Amino acid sequence: MAKKVRVRFAPSPTGGLHLGGVRTVLYNYLFAKKHAGDFLVRIEDTDQSRYVQGAEEYIFDTLKWCGLEPDESVQHGGNYGPYRQSERKESYRRYAEQLVQDGHAYYAFDTPQELEKMRQDFRTELNPSPQYDHTLRMKMQNSLSLPADETKRLLDSGAGHVIRIKVPEQETVSFTDMIRGEVSFNTSLVDDKVLLKADGMPTYHLAVVVDDHLMEISHAFRGEEWLPSAPVHILLWKYLFGLENMPQWAHFPLILGPNGKLSKRDGAKYGFPVFAMNWADPKTGELTEGFKEKGFLPAAFINLLALLGWNDGSEQEIFSKEELIEKFSMERVHSAGAKFDYEKAKWFNHEWIKRFEVEGLRFEVESLLTKSGITVSDSALLDKVIELVKDRCTLLPDFVQHASFFFKSPENWDTDAVRPKWNEDKKNFFLAYIEKLLPHTTWNAASLEELFKELAAEKVIKPGELQLPFRIMLVGGKFGPPVFVIAELLGKEETIRRINTAINIFP
RNA sequence: GGCCCGUUCGUCUAAGGGUUAGGACACCACCCUUUCACGGUGGUGAUACGAGUUCGAAUCUCGUACGGGCUACCA
C-alpha cells in the first residue's frame, strides 16, 4: 500500500537561500504536487550560534516570491508541527537515549580541546583527518571506554556530554537512490557522528531521521553533499523505526559555479546573482543581490532552475509551473552537477518577458518607472508601450530605458551621432515638417511616414539621412521602436515640441 | 590521504547497442531593419583516455585520468 507522498524541505536560517537551495525546494515541490502530495517546510535551527535573525522570514518570502508555498509550515501550523527544531527538542533526546539503551549509541565526554588533541595526535601523512570511529573510540572518554560506575558518576554530576552513534564494523549499508540507483558504503569507514549535542539539541543526522518519521515523510530529497552521511541516516532508520518504514531517498546533483559548488562569493566575483532575493546579512551588513531585484520574473526563475539538472527529454525549454508539475519526474533528474550559466539564465527571462501579457508586466514596469522618477499619467499609453518594447527587454529594468522616453522628454541627446551629417538643409527640413504636421489630422505612423518621405523628396534629401536625427530628437539616442510609431504614440503636440527643442540644440 | 558521486560542443543538454551524434545559450556570417532589438537562414564546435564484450559501443564491463562532494558538538 503506497503511502501518501509527503516531502519536506529543511532550510537552516543561517542567511540567504542560494540557487541550489531553491532548486531543492522546487524539485521537492514539483514532486509533491505531481503526486498530489504534501509539501512541508521544517526549520533547521539546531545550531544557535549560526542562526541569523530574520533569515527564517526571508526563506518564506523567497518561497512566496517563487510561488512555492508549503502546505504546512512553521507559519501555518499544521498537524505535524511544531516545525522548528528547537521546539521539538525533547523528543530528540528520547530517541537518542533509546539508542544508547539498545547499544547503538553511547555517551561521550570529550571536550573540544580533547577532540582537537586527538586529531593532532593521530594525524599522519596517510590519514590527514582522523575520525572518531571504531578504531579510536576506545581511546576516548566515553561510556564504552569508561567503567560503568565512572560513566554514571559523570552523568550524575552533570558533566557535559554528547551522544554519538556507535557505527558497527564491517557491515555494508546500501540503499536505492531514486537518481543514482544502488549506493553502498562499508561501515568501517563511517565515523561515530554526534547525534545529540551537549546543549541537548540534535544534529541534523538525528533530526532528519526523527522528524521524517514523526512527520510521516515518504520521500526525502536533498543535495548531493548529503550523500556521504546517508549511511548514518540509514543506520538510524534501521535502529529506530525499521528500514521498511524509511522514506525513499534522492540526492540532487550540485549546482556548480565557475569553480566548484556555487557559492555566495561566486556571485560577487563574477557579477551575477546567486540568491533568489536580496539578502542583507544583519551580522555583517553585507548585501547579496537577488534574482528578483535584478529583474527576473518568478516564472523565468523557476523555469531556469528546473532545467539546471532536469529536462523532459524533448526539446522544450520553456515550461510554466503547471507544465513543470505535470512533466517533472525524478527519473529524469541528472546525476552529474550542472554549471550555472548567467547568459542562459537571462535568455530564459527574456523569453518569459516576451511571452507575458501586458497585465502581468504592468505593475512591475510602472513601479520601476516611478522609481526612476517618471510619472505615468496615461495608463493606456503604458500598456501600448509595454507591448511595443517588451521584445527588447531582457531584464525588467530594461523597460526603464525603453519606455521612459514615452513619458518624459529626453534631457540628453546623442549629438555625436547627428553631428557628421547635420546641416542647414536638414534643419530647414524639420522646420518645414513641423509646418506640415500642424494641420495634419490623421495622426498615425503610416501617414506621418508618408508625409516625411514626400517632404524629403521635395527637398531632395535622402529620407534615410533624416530618420536618425528625427529619432534622436524624439528619444535622445539610437534605440527604440520605429520612429514613426514613436511619434504616433507621443501625439502631435509632444512630437512637435520635441522637434523644436532638439533643433536648437543640434550642432 | 580516505570514502562517495560524476564525465557528450565553451555552457545546459538529447540520443537508454545501429543517427551525417540532435537542440538551446554564447560566438561568427548573411537576410530582415536607413536606430536598437525581435525574427529568419547558415556556420564553428563534443562522446576524457585505454582495454574488453559485441557483427556493431556515446550507450554495457573494467582500468586510468580528470572534476566535484564529504571527511565539525555546521547544515
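This text goes with the structure placed above it.
These numbers come from a predicted model, not from an experiment. (Residues numbered from 1 in each chain as written. Chains lettered and ligands numbered in written order. Predicted model: local features only at pLDDT ≥ 70, side-chain atom pairs only at ≥ 80, totals over all residues. Heavy atoms only, no water.)

**As for the environment of Lys 166**
The residue Lys 166 is located in the loop between β4 (162–165) and β5 (172–177) in this model. C-alpha of Lys 166 to C-alpha of Leu 214: the two residues are 48 residues apart in sequence and 23 Å apart in space. The contacts of Lys 166, once residues within four sequence positions are left out, are Gly 103, His 104, Ala 105, Tyr 106, Arg 137, Leu 144, Asp 192 and Tyr 239. (Helix = DSSP H or I, 4+ residues; strand = E, 2+ residues; numbered from the N terminus. Contact = heavy atoms within 4.5 Å.)

**Brief notes about the sheet that holds strand β7 (residues 194–196)**
The strand order across the open sheet built from 3 strands is β3-β4-β7, with neighbouring strands paired in antiparallel fashion. Both outer strands of the open sheet, β3 (105–108) and β7, are each paired with one neighbouring strand and no more. The mean inter-strand angle of the sheet, taken between neighbouring strand axes irrespective of direction, is 45°. Two strands pair when backbone bridges link them, and β3 and β4 are joined in this way by 4 bridges, in the antiparallel orientation. Across the sheet, Tyr 106 pairs through a bridge with Arg 164, a residue of β4. (Pairing = 2+ DSSP bridges. Axes fitted to C-alpha atoms, helices over the stretch in contact; angles between N-to-C directions.)

**What about the packing of helix α13 (residues 358–371) against helix α14 (residues 379–389)?**
Remark: α13 packs on α14, axes separated minimally by 10 Å, with the N-to-C direction vectors making an angle of 105°. It follows that α13 is roughly perpendicular to α14 by the angle criterion. Only Leu 382, Asp 383, Ile 386 and Glu 387 of α14 make contact with α13, whose side of the interface consists of Val 358, Leu 361, Arg 362, Val 365, Glu 366 and Leu 369. (Parallel < 35°, antiparallel > 145°, perpendicular 65-115°, else oblique.)

**Some words on unusual backbone geometry**
Look at the link from Gly 81 to Pro 82: it is a cis peptide, with omega at -5°. By the element assignment, Pro 82 lies in the loop between α2 (55–66) and α3 (89–101). The phi dihedral of Gln 170 falls on the positive side, at around 50°, and the residue is not glycine. One can find Gln 170 in the loop between β4 and β5.

**Describing the packing of aromatic side chains**
Under the criterion given, the structure shown has 35 aromatic pairs. An angle of 85° between the planes, with centres 5.1 Å apart, marks the rings of Trp 422 and Phe 506 as edge-to-face. Of the two residues, Trp 422 is situated in the loop between α16 (415–418) and α17 (424–437) and Phe 506 in the segment after α21 (492–503); the sequence distance between them amounts to 84 residues. Considered together, Trp 422 and Phe 506 belong to a single accessibility category, that of buried residues. With a centroid separation of 5.9 Å and an interplanar angle of 50°, the aromatic rings of Phe 470 and Phe 484 are classed as tilted. Residue Phe 470 is found in helix α19 (residues 463–475), and its partner Phe 484 is found in helix α20 (residues 483–490); the two are separated by 14 residues along the sequence. (Phe/Tyr/Trp six-rings, centres within 6.5 Å; stacked < 30°, edge-to-face > 60°. Buried < 20%, exposed > 50% of the residue type's maximum accessible area, 1.4 Å probe, protein only.)

**Quick word on the protein's contact with RNA strand B**
The environment of RNA strand B is formed by 62 residues, the closest being Thr 46, Leu 126, Arg 180, Lys 197 and Arg 392. Backbone atoms, meaning sugar and phosphate, make up 68% of the atoms of RNA strand B lying within 4 Å of the protein. Contact distances for RNA strand B include 3.1 Å between a phosphate oxygen and a side-chain N or O atom of Lys 197. In the model, a base nitrogen of RNA strand B is placed 2.6 Å from a nitrogen or oxygen of the Gly 480 main chain. With 5 residues, the single largest contributor to the surface near RNA strand B is helix α12 (residues 342–355). For the surface near RNA strand B, the residue count by class is 23 nonpolar, 16 polar and 23 charged. (Near = heavy atom within 4 Å. Polar contact = N/O pair within 3.5 Å; in protein donor to acceptor, adjacent residues only side chain to side chain. Nonpolar A, V, L, I, M, F, W, Y, C, P; charged D, E, K, R; others polar.)

**Considering the side chain of Arg 222**
Within the secondary structure, Arg 222 sits in strand β8 (residues 219–223). For the buried residue Arg 222, which engages in no salt bridge, the nearest side chain bearing the opposite charge is Asp 212, 6.9 Å off. Within polar-contact distance, the side chain of Arg 222 engages the side chain of Tyr 204 at 3.4 Å. Polar side-chain contacts of Arg 222 include one of 2.7 Å to the side chain of His 233. Setting aside residues no more than four positions away along its own chain, Arg 222 makes contact with Thr 24, Tyr 204, Val 208, Ala 230, His 233, Trp 249, Ala 250, His 251 and Phe 252. (Lys, Arg positive; Asp, Glu negative; His and termini not counted. Salt bridge = Lys/Arg side-chain N within 4 Å of Asp/Glu carboxyl O.)

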